[in-house]
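This is what each chain is made of:
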Amino acid sequence: MDVSIIFKIAAIGLITAIINQVLKKTDKDEIATLVTLAGLVIVLIMIINMVGQLFDTLKAVFGMY
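Please read these numbers as outputs of a predicted model, since none were measured by experiment.

Novice: What's the story with the overall build of the chain in this structure? I'm lost.
Specialist: Looking only at helices and strands, one finds two helices and zero strands in the chain. Whereas a compact globule of 65 residues would reach a radius of gyration of roughly 11 Å, the chain reaches 17 Å, over 25% beyond that. Expressed along its principal axes, the backbone C-alpha trace of the chain runs to roughly 55 × 20 × 5 Å. When the accessible area of the chain is evaluated, it comes to approximately 5,400 Å², of which 74% is carbon and sulfur surface. In the chain, the 5 positive side-chain charges and the 5 negative ones have mean positions that sit 2 Å from each other.

Novice: Please clarify how unusual backbone geometry should be interpreted in this entry.
Specialist: When glycine is set aside, most residues are seen to have a negative phi, and most peptide bonds are trans. Of note in the backbone geometry, aspartate 27 takes a positive phi value of approximately 60° without being a glycine. Following the sequence through the fold, aspartate 27 ends up in the loop between α1 (4-25) and α2 (29-62). Residue class for aspartate 27 comes out exposed when judged on its relative accessible area of 65%.

Novice: Explain α2 here, please?
Specialist: Residues separated by three or four positions in an α-helix point in the same direction, a consequence of the helix having 3.6 residues per turn. The first and last C-alpha atoms of α2 sit 49 Å apart over 34 residues, in line with the 50 Å expected at 1.5 Å per residue. Here α2 has its buried residues at Ala32, Gly39, Val43 and Met46. The inward-facing, buried residues of α2 abut α1. Positive backbone phi, at 70°, marks glycine 63, one or two positions downstream of α2.

Procedures and definitions
- Residues numbered from 1 in each chain as written.
- Predicted model: local features only at pLDDT ≥ 70, side-chain atom pairs only at ≥ 80, totals over all residues.
- Heavy atoms only, no water.
- Helix = DSSP H or I, 4+ residues; strand = E, 2+ residues; numbered from the N terminus.
- Rg over C-alpha atoms; globule rule 2.2 N^0.38 Å.
- Areas by Shrake-Rupley, 256 points an atom, 1.4 Å probe, with all protein chains shown as cover.
- Lys, Arg positive; Asp, Glu negative; His and termini not counted.
- Charge placed at Lys NZ, Arg CZ, Asp CG, Glu CD.
- Buried < 20%, exposed > 50% of the residue type's maximum accessible area, 1.4 Å probe, protein only.
- Expected span 1.5 Å × (residues − 1).
- Contact = heavy atoms within 4.5 Å.

Structure follows, in structure tokens:
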């Protein structure tokens, strides 16, 4: 695992927050909510991939099939 994944998640969070604030200032609250949900989904997909890699590594270490 790399430290870069933490920076990627932080960057997605910052970009999402900035876009969210801009959209809320322009009275587009529904789109702001959708942008926030999209950022959350992207981060969750990244985390799910990492958890899958963790389980593959554990299988390889303990010799399970």
